[in-house]
Amino acid sequence: MTDIPRPGKIIAVHLNYRSRAAQRGRTPAQPSYFFKPSSSVAESGGELERPAGTELLAFEGEIALIIGRPTRRVSPEDGWAAVSGVTAANDFGLYDLRAADKGSNVRSKGGDGFTPLGPAVLPAAGLDPDALRVRTWLNGDLVQEGTTDDLLFPFGRLVADLSQLMTLEPGDVILTGTPAGSSVTVPGDTVEVEVDAPTAPSAPTTGRLITRITEGRIPFGDFGTKPSVDDTQRAEAWGTPPTPAWRLTDELREKLASVATATLSSQLRKRGLDNVSIDGLTSTRPGTRVVGTARTLRYIPNREDLFSTHGGGYNAQKRAFDSVGPGEVLVIEARGERGSGTVGDVLALRAQVNGAAGIVTDGGVRDLAVVASLDIPTYHNGPHPAVLGRKHVPWDTDVTIACGGASVQPGDVIVGDADGLLVIPPALVEEVVDDAIEQEREEEFIAEQVAAAHPVDGLFPMNAEWRERYRAWRTQH
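Quick caveat, the model's predicted, so the values are computed rather than measured.

What follows is about the layout of surface pockets. Taken as a whole, the second largest pocket spans an internal volume of roughly 410 Å³. Lining the second largest pocket are 24 residues, with His14, Arg24, Arg26, Arg98 and Asn105 sitting closest to its centre. Those elements giving two or more residues to the lining of the second largest pocket turn out to be helix H1 (18–24), strand S8 (93–94) and helix H3 (98–101). The residue inventory of the lining of the second largest pocket, partitioned by class, reads seven nonpolar, nine polar and eight charged.

What follows is the structure, encoded as C-alpha coordinates:
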(Lines give C-alpha, C1' and ligand atoms only; values in the text may rest on other atoms or scores of the structure.)
Protein backbone atom coordinates (compact mmCIF):
# COMPACT_ATOMS: atom_id res chain seq x y z
CA MET A 1 0.00 0.00 0.00
CA THR A 2 2.95 2.27 -0.71
CA ASP A 3 0.80 4.59 -2.83
CA ILE A 4 -1.67 5.28 0.02
CA PRO A 5 -0.45 7.47 2.86
CA ARG A 6 -2.01 7.05 6.30
CA PRO A 7 -5.03 9.39 6.17
CA GLY A 8 -5.49 12.15 8.69
CA LYS A 9 -9.21 11.40 8.76
CA ILE A 10 -11.54 8.86 7.26
CA ILE A 11 -15.13 9.95 6.64
CA ALA A 12 -17.70 7.35 5.63
CA VAL A 13 -21.13 7.84 4.08
CA HIS A 14 -24.02 5.87 5.58
CA LEU A 15 -26.20 5.21 2.50
CA ASN A 16 -25.33 6.22 -1.03
CA TYR A 17 -26.36 3.50 -3.50
CA ARG A 18 -29.97 3.19 -4.56
CA SER A 19 -29.67 -0.60 -4.45
CA ARG A 20 -28.52 -0.47 -0.81
CA ALA A 21 -31.20 2.06 0.11
CA ALA A 22 -33.82 -0.26 -1.35
CA GLN A 23 -32.36 -3.13 0.63
CA ARG A 24 -32.49 -1.06 3.82
CA GLY A 25 -35.98 0.16 3.09
CA ARG A 26 -35.14 3.85 3.40
CA THR A 27 -33.79 6.50 1.04
CA PRO A 28 -32.08 9.52 2.62
CA ALA A 29 -32.82 13.02 1.37
CA GLN A 30 -29.27 14.15 2.16
CA PRO A 31 -26.02 12.28 2.85
CA SER A 32 -24.97 11.56 6.44
CA TYR A 33 -21.56 10.52 7.70
CA PHE A 34 -19.46 8.98 10.44
CA PHE A 35 -15.72 8.98 11.22
CA LYS A 36 -13.36 6.04 11.25
CA PRO A 37 -9.95 6.27 12.95
CA SER A 38 -6.79 6.13 10.88
CA SER A 39 -5.69 3.20 13.05
CA SER A 40 -8.39 1.12 11.32
CA VAL A 41 -6.46 1.24 8.01
CA ALA A 42 -4.95 -2.03 6.80
CA GLU A 43 -3.13 -3.25 3.70
CA SER A 44 -4.24 -5.79 1.15
CA GLY A 45 -3.36 -9.38 2.00
CA GLY A 46 -3.71 -8.96 5.75
CA GLU A 47 -5.78 -10.78 8.33
CA LEU A 48 -8.67 -9.32 10.29
CA GLU A 49 -9.80 -10.78 13.59
CA ARG A 50 -13.44 -11.26 14.28
CA PRO A 51 -13.38 -10.38 17.99
CA ALA A 52 -13.94 -13.26 20.39
CA GLY A 53 -17.55 -13.65 21.43
CA THR A 54 -19.02 -11.87 18.38
CA GLU A 55 -20.90 -13.20 15.36
CA LEU A 56 -21.80 -10.33 13.02
CA LEU A 57 -18.68 -9.03 11.30
CA ALA A 58 -19.95 -7.58 8.02
CA PHE A 59 -18.04 -6.51 4.90
CA GLU A 60 -18.90 -3.52 2.69
CA GLY A 61 -17.00 -3.10 -0.55
CA GLU A 62 -16.62 0.60 -1.37
CA ILE A 63 -14.90 3.16 -3.56
CA ALA A 64 -12.54 5.31 -1.49
CA LEU A 65 -11.75 8.88 -2.57
CA ILE A 66 -8.34 10.26 -1.66
CA ILE A 67 -8.21 14.02 -1.27
CA GLY A 68 -5.31 15.64 -3.10
CA ARG A 69 -5.30 19.25 -1.91
CA PRO A 70 -6.62 21.40 0.95
CA THR A 71 -10.30 21.82 0.21
CA ARG A 72 -12.75 24.18 1.86
CA ARG A 73 -16.14 25.43 0.67
CA VAL A 74 -16.09 24.10 -2.89
CA SER A 75 -19.16 23.68 -5.05
CA PRO A 76 -20.49 20.25 -6.07
CA GLU A 77 -19.29 21.00 -9.60
CA ASP A 78 -15.75 21.54 -8.30
CA GLY A 79 -15.71 18.79 -5.69
CA TRP A 80 -14.30 16.06 -7.92
CA ALA A 81 -11.30 18.26 -8.77
CA ALA A 82 -10.17 17.97 -5.13
CA VAL A 83 -9.81 14.19 -5.49
CA SER A 84 -6.35 12.95 -6.45
CA GLY A 85 -7.18 9.26 -6.68
CA VAL A 86 -9.56 6.43 -5.94
CA THR A 87 -8.92 3.01 -4.49
CA ALA A 88 -10.79 0.01 -3.15
CA ALA A 89 -11.93 -0.09 0.46
CA ASN A 90 -13.66 -2.56 2.72
CA ASP A 91 -15.69 -0.81 5.42
CA PHE A 92 -15.90 -3.65 7.94
CA GLY A 93 -18.40 -3.29 10.75
CA LEU A 94 -19.24 -5.30 13.86
CA TYR A 95 -23.01 -5.30 14.31
CA ASP A 96 -22.59 -6.79 17.80
CA LEU A 97 -21.49 -3.32 18.99
CA ARG A 98 -24.00 -1.12 17.18
CA ALA A 99 -26.28 -0.86 20.19
CA ALA A 100 -23.33 0.15 22.36
CA ASP A 101 -22.32 2.87 19.90
CA LYS A 102 -25.77 4.50 19.89
CA GLY A 103 -25.26 5.59 16.29
CA SER A 104 -21.66 6.80 16.50
CA ASN A 105 -20.06 3.66 14.94
CA VAL A 106 -16.96 4.33 17.10
CA ARG A 107 -16.41 0.72 18.13
CA SER A 108 -18.54 -1.11 15.58
CA LYS A 109 -16.61 0.44 12.68
CA GLY A 110 -13.39 1.63 14.28
CA GLY A 111 -11.52 -1.54 15.18
CA ASP A 112 -7.92 -2.16 14.13
CA GLY A 113 -7.90 -3.37 10.54
CA PHE A 114 -11.53 -2.47 9.90
CA THR A 115 -10.63 -0.25 6.90
CA PRO A 116 -8.45 -2.10 4.40
CA LEU A 117 -7.44 0.10 1.46
CA GLY A 118 -5.68 -0.63 -1.83
CA PRO A 119 -3.83 -2.28 -3.30
CA ALA A 120 -3.33 0.39 -5.99
CA VAL A 121 -4.58 3.94 -6.45
CA LEU A 122 -6.18 5.03 -9.72
CA PRO A 123 -5.31 8.67 -10.52
CA ALA A 124 -8.48 10.74 -10.65
CA ALA A 125 -7.26 12.72 -13.64
CA GLY A 126 -8.82 11.19 -16.70
CA LEU A 127 -11.36 9.10 -14.78
CA ASP A 128 -15.07 9.66 -15.22
CA PRO A 129 -16.49 9.64 -11.67
CA ASP A 130 -19.86 8.52 -13.08
CA ALA A 131 -18.36 5.42 -14.74
CA LEU A 132 -16.60 3.59 -11.91
CA ARG A 133 -17.45 0.15 -10.59
CA VAL A 134 -16.95 -1.61 -7.28
CA ARG A 135 -17.17 -5.39 -6.87
CA THR A 136 -16.81 -7.67 -3.86
CA TRP A 137 -16.12 -11.41 -3.75
CA LEU A 138 -16.66 -13.70 -0.76
CA ASN A 139 -14.62 -16.88 -1.04
CA GLY A 140 -14.42 -16.36 -4.79
CA ASP A 141 -18.14 -15.71 -5.35
CA LEU A 142 -19.20 -12.30 -6.63
CA VAL A 143 -21.57 -10.90 -3.97
CA GLN A 144 -21.57 -7.15 -4.62
CA GLU A 145 -21.47 -5.10 -7.80
CA GLY A 146 -22.33 -1.45 -8.11
CA THR A 147 -21.59 1.35 -10.52
CA THR A 148 -21.46 5.03 -9.77
CA ASP A 149 -24.45 5.78 -11.97
CA ASP A 150 -26.47 4.22 -9.10
CA LEU A 151 -25.27 6.78 -6.54
CA LEU A 152 -27.76 8.89 -4.63
CA PHE A 153 -25.09 11.55 -4.03
CA PRO A 154 -22.28 11.97 -6.58
CA PHE A 155 -18.70 12.26 -5.43
CA GLY A 156 -18.43 15.99 -6.10
CA ARG A 157 -21.47 16.60 -3.93
CA LEU A 158 -19.97 14.63 -1.03
CA VAL A 159 -16.75 16.63 -1.18
CA ALA A 160 -18.66 19.90 -1.38
CA ASP A 161 -20.97 18.98 1.48
CA LEU A 162 -18.16 17.99 3.83
CA SER A 163 -16.04 21.00 2.89
CA GLN A 164 -18.79 23.36 4.01
CA LEU A 165 -17.77 22.70 7.59
CA MET A 166 -14.27 21.23 7.64
CA THR A 167 -11.10 21.50 5.64
CA LEU A 168 -10.40 18.31 3.76
CA GLU A 169 -6.66 17.76 3.74
CA PRO A 170 -4.35 15.88 1.39
CA GLY A 171 -4.51 12.19 2.17
CA ASP A 172 -7.95 12.30 3.78
CA VAL A 173 -10.19 9.43 2.69
CA ILE A 174 -13.91 9.50 1.96
CA LEU A 175 -15.65 6.11 1.88
CA THR A 176 -18.51 6.62 -0.54
CA GLY A 177 -21.01 3.93 0.47
CA THR A 178 -21.65 0.32 -0.47
CA PRO A 179 -24.09 -1.23 -2.95
CA ALA A 180 -26.52 -3.99 -2.07
CA GLY A 181 -25.05 -7.36 -1.18
CA SER A 182 -23.11 -6.57 1.98
CA SER A 183 -23.30 -9.49 4.37
CA VAL A 184 -21.59 -11.36 7.22
CA THR A 185 -18.18 -12.94 7.05
CA VAL A 186 -16.87 -15.66 9.37
CA PRO A 187 -13.41 -16.94 10.33
CA GLY A 188 -11.87 -18.77 7.41
CA ASP A 189 -13.48 -16.48 4.81
CA THR A 190 -11.58 -14.40 2.28
CA VAL A 191 -13.10 -11.12 1.15
CA GLU A 192 -11.86 -9.29 -1.97
CA VAL A 193 -12.83 -5.83 -3.25
CA GLU A 194 -11.89 -4.28 -6.60
CA VAL A 195 -12.57 -0.84 -8.07
CA ASP A 196 -12.20 -0.31 -11.80
CA ALA A 197 -13.26 1.87 -14.72
CA PRO A 198 -14.47 -0.79 -17.16
CA THR A 199 -15.39 1.60 -19.99
CA ALA A 200 -12.22 3.73 -19.81
CA PRO A 201 -9.25 3.14 -22.10
CA SER A 202 -7.30 0.07 -20.86
CA ALA A 203 -9.96 -0.42 -18.14
CA PRO A 204 -7.74 0.62 -15.19
CA THR A 205 -8.19 -1.31 -11.96
CA THR A 206 -7.00 -1.13 -8.38
CA GLY A 207 -6.49 -4.87 -8.30
CA ARG A 208 -8.16 -6.94 -5.61
CA LEU A 209 -8.03 -5.80 -2.00
CA ILE A 210 -7.75 -9.08 -0.07
CA THR A 211 -8.65 -9.63 3.58
CA ARG A 212 -8.67 -12.99 5.37
CA ILE A 213 -10.89 -13.39 8.42
CA THR A 214 -9.58 -15.10 11.54
CA GLU A 215 -11.06 -15.89 14.96
CA GLY A 216 -10.11 -13.64 17.84
CA ARG A 217 -9.05 -15.27 21.10
CA ILE A 218 -9.13 -12.49 23.66
CA PRO A 219 -12.58 -11.92 25.20
CA PHE A 220 -14.03 -8.50 25.98
CA GLY A 221 -13.43 -7.29 29.53
CA ASP A 222 -16.03 -6.34 32.10
CA PHE A 223 -15.29 -2.60 31.79
CA GLY A 224 -17.61 -1.53 29.02
CA THR A 225 -20.70 -2.53 27.09
CA LYS A 226 -20.47 -6.12 25.94
CA PRO A 227 -21.35 -7.21 22.41
CA SER A 228 -24.99 -8.13 21.94
CA VAL A 229 -27.19 -9.02 18.99
CA ASP A 230 -30.86 -9.47 18.26
CA ASP A 231 -32.91 -10.57 15.26
CA THR A 232 -33.00 -7.04 13.84
CA GLN A 233 -29.20 -6.74 13.89
CA ARG A 234 -28.86 -10.21 12.40
CA ALA A 235 -31.22 -9.34 9.54
CA GLU A 236 -29.40 -6.07 8.79
CA ALA A 237 -25.92 -7.61 9.06
CA TRP A 238 -26.74 -10.53 6.80
CA GLY A 239 -28.33 -8.13 4.35
CA THR A 240 -31.69 -9.83 4.43
CA PRO A 241 -33.99 -7.56 2.40
CA PRO A 242 -37.45 -6.83 3.74
CA THR A 243 -39.33 -9.89 2.52
CA PRO A 244 -42.93 -9.16 1.75
CA ALA A 245 -45.31 -11.73 3.13
CA TRP A 246 -47.32 -11.40 -0.05
CA ARG A 247 -46.67 -10.61 -3.70
CA LEU A 248 -48.95 -9.40 -6.47
CA THR A 249 -48.43 -12.14 -9.04
CA ASP A 250 -49.19 -11.88 -12.74
CA GLU A 251 -52.13 -14.24 -12.23
CA LEU A 252 -53.60 -11.99 -9.52
CA ARG A 253 -53.08 -8.92 -11.72
CA GLU A 254 -55.04 -10.57 -14.51
CA LYS A 255 -57.84 -11.52 -12.13
CA LEU A 256 -58.05 -8.00 -10.70
CA ALA A 257 -58.08 -6.53 -14.20
CA SER A 258 -60.98 -8.78 -15.16
CA VAL A 259 -63.49 -7.47 -12.59
CA ALA A 260 -65.01 -4.04 -12.05
CA THR A 261 -64.08 -1.86 -9.12
CA ALA A 262 -67.77 -1.77 -8.26
CA THR A 263 -67.70 -5.54 -7.73
CA LEU A 264 -64.49 -5.38 -5.73
CA SER A 265 -65.99 -2.59 -3.65
CA SER A 266 -69.00 -4.72 -2.73
CA GLN A 267 -66.73 -7.58 -1.68
CA LEU A 268 -64.66 -5.25 0.48
CA ARG A 269 -67.81 -3.88 2.03
CA LYS A 270 -68.88 -7.43 2.95
CA ARG A 271 -65.66 -7.63 4.92
CA GLY A 272 -66.36 -4.42 6.79
CA LEU A 273 -64.12 -2.16 4.69
CA ASP A 274 -66.19 0.87 3.69
CA ASN A 275 -63.37 3.44 3.60
CA VAL A 276 -61.08 2.12 0.90
CA SER A 277 -62.00 4.29 -2.07
CA ILE A 278 -59.83 7.19 -3.22
CA ASP A 279 -62.48 9.78 -4.03
CA GLY A 280 -62.89 12.90 -6.12
CA LEU A 281 -60.22 12.29 -8.76
CA THR A 282 -60.31 12.26 -12.56
CA SER A 283 -58.32 9.90 -14.75
CA THR A 284 -56.39 10.97 -17.83
CA ARG A 285 -57.13 7.50 -19.21
CA PRO A 286 -60.61 6.55 -17.97
CA GLY A 287 -60.75 3.59 -20.30
CA THR A 288 -57.53 2.09 -18.96
CA ARG A 289 -57.54 -0.25 -15.97
CA VAL A 290 -54.97 0.39 -13.26
CA VAL A 291 -53.71 -2.52 -11.17
CA GLY A 292 -50.54 -2.29 -9.09
CA THR A 293 -48.91 -2.12 -5.70
CA ALA A 294 -48.65 1.25 -4.01
CA ARG A 295 -45.54 3.35 -3.61
CA THR A 296 -46.20 6.53 -1.66
CA LEU A 297 -45.06 10.15 -1.64
CA ARG A 298 -46.11 12.70 0.95
CA TYR A 299 -46.19 16.48 0.60
CA ILE A 300 -46.62 18.76 3.59
CA PRO A 301 -47.98 22.34 3.46
CA ASN A 302 -45.43 24.77 2.15
CA ARG A 303 -43.29 26.60 4.67
CA GLU A 304 -40.51 28.63 3.14
CA ASP A 305 -37.72 27.53 5.47
CA LEU A 306 -38.67 23.87 5.06
CA PHE A 307 -38.88 24.18 1.30
CA SER A 308 -35.37 25.63 1.28
CA THR A 309 -34.04 22.50 3.00
CA HIS A 310 -36.27 19.84 1.41
CA GLY A 311 -37.53 21.30 -1.85
CA GLY A 312 -34.36 21.47 -3.89
CA GLY A 313 -31.82 18.95 -5.10
CA TYR A 314 -32.67 15.27 -5.18
CA ASN A 315 -35.78 15.77 -3.11
CA ALA A 316 -38.46 13.27 -2.08
CA GLN A 317 -40.52 13.95 -5.21
CA LYS A 318 -37.64 13.20 -7.57
CA ARG A 319 -36.61 10.13 -5.57
CA ALA A 320 -40.15 8.78 -5.71
CA PHE A 321 -40.49 9.17 -9.47
CA ASP A 322 -36.99 7.78 -10.05
CA SER A 323 -37.60 4.69 -7.93
CA VAL A 324 -41.19 3.74 -8.82
CA GLY A 325 -40.91 0.45 -10.65
CA PRO A 326 -42.74 -1.81 -13.09
CA GLY A 327 -46.28 -2.60 -12.02
CA GLU A 328 -46.28 -0.07 -9.18
CA VAL A 329 -48.65 2.84 -8.66
CA LEU A 330 -47.24 6.04 -7.20
CA VAL A 331 -49.82 7.49 -4.79
CA ILE A 332 -49.32 11.09 -3.66
CA GLU A 333 -50.69 12.78 -0.57
CA ALA A 334 -51.37 16.43 -1.41
CA ARG A 335 -54.12 17.01 1.18
CA GLY A 336 -56.67 17.65 -1.59
CA GLU A 337 -54.88 20.94 -2.32
CA ARG A 338 -55.61 21.98 -5.92
CA GLY A 339 -53.68 25.24 -5.80
CA SER A 340 -50.49 23.98 -7.42
CA GLY A 341 -49.19 21.12 -9.49
CA THR A 342 -47.92 17.98 -7.81
CA VAL A 343 -46.69 16.24 -10.96
CA GLY A 344 -45.91 17.48 -14.45
CA ASP A 345 -45.05 16.09 -17.84
CA VAL A 346 -41.37 15.24 -17.19
CA LEU A 347 -41.99 13.30 -13.99
CA ALA A 348 -45.04 11.55 -15.41
CA LEU A 349 -42.91 10.50 -18.37
CA ARG A 350 -40.25 9.24 -15.95
CA ALA A 351 -42.83 7.03 -14.22
CA GLN A 352 -44.03 5.73 -17.59
CA VAL A 353 -40.50 4.90 -18.74
CA ASN A 354 -39.95 3.04 -15.44
CA GLY A 355 -42.94 0.86 -16.24
CA ALA A 356 -45.20 2.19 -13.49
CA ALA A 357 -48.85 1.16 -13.70
CA GLY A 358 -50.22 4.57 -12.77
CA ILE A 359 -49.98 7.83 -10.85
CA VAL A 360 -52.55 8.94 -8.26
CA THR A 361 -52.54 12.40 -6.68
CA ASP A 362 -55.24 14.25 -4.79
CA GLY A 363 -53.54 17.50 -5.83
CA GLY A 364 -53.21 19.33 -9.12
CA VAL A 365 -51.37 18.40 -12.30
CA ARG A 366 -49.24 20.74 -14.38
CA ASP A 367 -48.94 20.32 -18.15
CA LEU A 368 -52.18 18.37 -18.08
CA ALA A 369 -52.57 18.15 -21.86
CA VAL A 370 -49.15 16.52 -22.18
CA VAL A 371 -49.67 14.27 -19.15
CA ALA A 372 -53.01 13.17 -20.61
CA SER A 373 -51.31 12.28 -23.90
CA LEU A 374 -49.01 9.78 -22.16
CA ASP A 375 -49.91 6.11 -21.95
CA ILE A 376 -49.65 6.01 -18.16
CA PRO A 377 -52.99 6.73 -16.42
CA THR A 378 -52.84 9.65 -13.99
CA TYR A 379 -55.65 10.23 -11.50
CA HIS A 380 -55.70 13.85 -10.35
CA ASN A 381 -57.70 16.63 -8.71
CA GLY A 382 -57.63 19.06 -11.62
CA PRO A 383 -55.12 21.12 -13.59
CA HIS A 384 -53.02 23.94 -12.18
CA PRO A 385 -50.13 25.85 -13.76
CA ALA A 386 -48.22 26.68 -10.54
CA VAL A 387 -45.10 24.84 -9.44
CA LEU A 388 -44.91 22.53 -6.46
CA GLY A 389 -43.41 25.07 -4.05
CA ARG A 390 -46.46 27.33 -4.11
CA LYS A 391 -48.36 24.97 -1.81
CA HIS A 392 -46.23 21.93 -1.02
CA VAL A 393 -42.93 20.69 0.39
CA PRO A 394 -41.92 17.21 -0.83
CA TRP A 395 -41.32 15.49 2.50
CA ASP A 396 -40.97 11.73 2.50
CA THR A 397 -41.56 8.52 0.59
CA ASP A 398 -42.86 5.02 1.22
CA VAL A 399 -44.78 5.88 4.37
CA THR A 400 -48.47 5.56 5.21
CA ILE A 401 -50.34 8.47 3.63
CA ALA A 402 -53.84 9.83 3.06
CA CYS A 403 -55.04 10.36 -0.51
CA GLY A 404 -58.55 11.25 -1.59
CA GLY A 405 -59.93 10.39 1.83
CA ALA A 406 -58.34 6.93 1.99
CA SER A 407 -55.36 5.62 3.93
CA VAL A 408 -52.71 4.08 1.69
CA GLN A 409 -49.73 2.05 2.84
CA PRO A 410 -46.76 1.00 0.70
CA GLY A 411 -47.58 -2.40 -0.76
CA ASP A 412 -51.35 -1.93 -0.74
CA VAL A 413 -52.99 -2.95 -3.99
CA ILE A 414 -54.48 -0.14 -6.06
CA VAL A 415 -57.20 -0.95 -8.59
CA GLY A 416 -58.77 1.73 -10.76
CA ASP A 417 -61.15 2.08 -13.66
CA ALA A 418 -63.67 4.63 -14.92
CA ASP A 419 -65.69 4.25 -11.71
CA GLY A 420 -62.78 5.20 -9.46
CA LEU A 421 -59.97 3.83 -7.33
CA LEU A 422 -59.86 1.24 -4.57
CA VAL A 423 -57.22 0.40 -1.98
CA ILE A 424 -57.12 -3.32 -1.14
CA PRO A 425 -55.08 -4.63 1.81
CA PRO A 426 -52.67 -7.27 0.46
CA ALA A 427 -53.87 -9.94 2.89
CA LEU A 428 -57.38 -9.75 1.40
CA VAL A 429 -56.60 -9.57 -2.30
CA GLU A 430 -56.84 -13.26 -3.19
CA GLU A 431 -60.15 -13.94 -1.46
CA VAL A 432 -61.66 -10.64 -2.55
CA VAL A 433 -60.84 -11.09 -6.22
CA ASP A 434 -61.94 -14.73 -6.29
CA ASP A 435 -65.27 -13.83 -4.70
CA ALA A 436 -65.61 -10.85 -7.04
CA ILE A 437 -65.14 -13.10 -10.08
CA GLU A 438 -67.80 -15.45 -8.73
CA GLN A 439 -70.10 -12.50 -8.05
CA GLU A 440 -69.77 -11.30 -11.64
CA ARG A 441 -70.56 -14.79 -12.95
CA GLU A 442 -73.70 -14.83 -10.82
CA GLU A 443 -74.64 -11.38 -12.12
CA GLU A 444 -74.09 -12.54 -15.70
CA PHE A 445 -76.47 -15.43 -15.09
CA ILE A 446 -79.05 -13.16 -13.46
CA ALA A 447 -78.82 -10.69 -16.35
CA GLU A 448 -79.46 -13.51 -18.83
CA GLN A 449 -82.56 -14.55 -16.92
CA VAL A 450 -83.88 -11.01 -16.69
CA ALA A 451 -83.31 -10.58 -20.42
CA ALA A 452 -85.37 -13.75 -20.89
CA ALA A 453 -88.29 -12.02 -19.09
CA HIS A 454 -87.94 -13.72 -15.71
CA PRO A 455 -89.03 -11.52 -12.79
CA VAL A 456 -86.35 -10.45 -10.31
CA ASP A 457 -88.24 -11.69 -7.26
CA GLY A 458 -86.36 -14.73 -6.01
CA LEU A 459 -83.75 -14.26 -8.71
CA PHE A 460 -82.00 -11.18 -7.42
CA PRO A 461 -80.74 -12.22 -4.95
CA MET A 462 -81.11 -15.87 -5.85
CA ASN A 463 -83.24 -18.17 -3.74
CA ALA A 464 -82.51 -21.89 -3.39
CA GLU A 465 -84.30 -22.80 -6.62
CA TRP A 466 -82.51 -20.22 -8.72
CA ARG A 467 -79.17 -21.06 -7.12
CA GLU A 468 -79.60 -24.67 -8.17
CA ARG A 469 -80.32 -23.49 -11.72
CA TYR A 470 -77.21 -21.30 -11.51
CA ARG A 471 -75.05 -24.30 -10.58
CA ALA A 472 -76.29 -26.11 -13.65
CA TRP A 473 -75.62 -23.04 -15.79
CA ARG A 474 -72.09 -22.84 -14.41
CA THR A 475 -71.27 -26.36 -15.52
CA GLN A 476 -72.13 -25.32 -19.08
CA HIS A 477 -70.17 -22.07 -18.98
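One finds Ile63, Leu65, Trp80, Val83, Val86, Phe155 and Val159 to be the most contacted residues of the largest nonpolar core, which totals 31 residues. When contributions to this core are tallied by element, the ones reaching two or more residues are strand S1 (10–13), strand S6 (61–67), strand S7 (83–90), helix H4 (155–163) and strand S14 (190–196).

This part covers the packing of helix H9 (residues 316–323) against helix H10 (residues 345–353). Any two packed helices are characterised by the angle at which their axes cross and by the distance between the axes. Between H9 and H10, whose axes approach to 7 Å, the crossing angle comes to 30°. Relative to H10, the element H9 lies roughly parallel. Facing Gln317, Phe321 and Asp322 of H9, the residues of H10 in contact are Leu347, Ala348, Arg350 and Ala351. Taken together, the residues that form the contact of H9 with H10 break down as four nonpolar, one polar and two charged.

If you trace the five strands from one edge of the open sheet to the other, you get S4-S15-S14-S10-S11, paired in mixed fashion. Strands at the two margins of the open sheet, each flanked by one partner only, are strand S4 (46–50) and strand S11 (141–147). Direction aside, neighbouring strands of the sheet carry axes that sit 20° apart on average.

With respect to topology, three strands assemble into an open sheet ordered S8-S5-S13, the strand pairing being antiparallel. Each edge of the open sheet is held by one strand with a lone partner, namely S8 and strand S13 (184–185).

Cis rather than trans, the peptide bond between Gly118 and Pro119 has omega equal to 0°. The topology assignment puts Pro119 in strand S9 (residues 115–123). The amide bond that connects Phe460 to the next residue, Pro461, takes the cis arrangement and shows omega of 0°. Position of Pro461 relative to the elements: it lies in the loop between helix H12 (429–451) and helix H13 (464–476). Even without being a glycine, Arg73 presents a positive backbone phi close to 55°. Considering the arrangement of structural elements, one finds Arg73 in the loop between S6 and helix H2 (76–79). Even without a glycine there, the phi angle at Ser202 is positive, about 65°. Considering the arrangement of structural elements, one finds Ser202 in the loop between S14 and strand S15 (209–215). A relative accessible area of 73% means that Ser202 is categorised as exposed.

Our focus in this paragraph is the pattern of salt bridges. Across all of its chains, the model carries 33 salt bridges by this definition. For Lys255, the salt bridge is made with Glu251, and the minimal N-O distance between the two is 3.9 Å. Taken as a pair, Lys255 and Glu251 lie in helix H6 (residues 250–258) at a separation of four residues, close to a single helical turn. Between Lys255 and Asp434 there is a salt bridge whose closest N-O contact spans 2.9 Å. Of the two residues, Lys255 is situated in helix H6 and Asp434 in helix H12; the sequence distance between them amounts to 179 residues.

This brings us to a nonpolar patch on the surface. A contiguous nonpolar patch, built from Val450, Val456 and Phe460 and spanning about 280 Å² of accessible area, is present on the exposed surface. With respect to the element layout, Val456 can be found in the loop between H12 and H13. You can call Val456 partly exposed: its relative accessible area is 47%.

This next bit is on the packing of H6 against H12. Put simply, H6 and H12 touch, their axes get as near as 9 Å, and they point 40° apart. With respect to each other, H6 and H12 are oriented oblique. In the packing of H6 onto H12, the handedness of the crossing is left-handed. Residues Leu252, Lys255, Leu256 and Ser258 of H6 touch H12, and the partners they reach there are Val429, Glu430, Val433, Asp434, Ile437 and Glu440. Looking at the contact of H6 with H12, its residues break down into five nonpolar, one polar and four charged.

What follows concerns the environment of Gln164. With respect to the helices and strands, the residue Gln164 is situated in the loop between H4 and strand S12 (173–175). Owing to a relative accessible area of 52%, Gln164 belongs among the exposed residues under this scheme. Residues Gln164 and Leu127, spaced 37 residues apart in sequence, show a C-alpha to C-alpha distance of 25 Å.

About the criteria used
Residues numbered from 1 in each chain as written. Predicted model: local features only at pLDDT ≥ 70, side-chain atom pairs only at ≥ 80, totals over all residues. Heavy atoms only, no water. 1 Å grid on protein atoms, 1.4 Å probe; cavity = no way out; pocket = protein on both sides within 12 Å on 5 of 7 lines; lining within 4 Å. Points joined across faces, edges and corners; volume = space filled by probe spheres on them. Helix = DSSP H or I, 4+ residues; strand = E, 2+ residues; numbered from the N terminus. Nonpolar A, V, L, I, M, F, W, Y, C, P; charged D, E, K, R; others polar. Core = buried A, V, L, I, M, F, W, Y, C linked by side-chain atoms within 4.5 Å. Buried < 20%, exposed > 50% of the residue type's maximum accessible area, 1.4 Å probe, protein only. Axes fitted to C-alpha atoms, helices over the stretch in contact; angles between N-to-C directions. Parallel < 35°, antiparallel > 145°, perpendicular 65-115°, else oblique. Contact = heavy atoms within 4.5 Å. Pairing = 2+ DSSP bridges. Salt bridge = Lys/Arg side-chain N within 4 Å of Asp/Glu carboxyl O. Patch = residues over 30% accessible without salt bridge, like charges linked within 9 Å, V, L, I, M, F, W, Y side chains within 5 Å. Areas by Shrake-Rupley, 256 points an atom, 1.4 Å probe, with all protein chains shown as cover. Left-handed = near helix turned anticlockwise from the far one by under 90°.

Take it as geometry only, folks, not as evidence of what the structure does.
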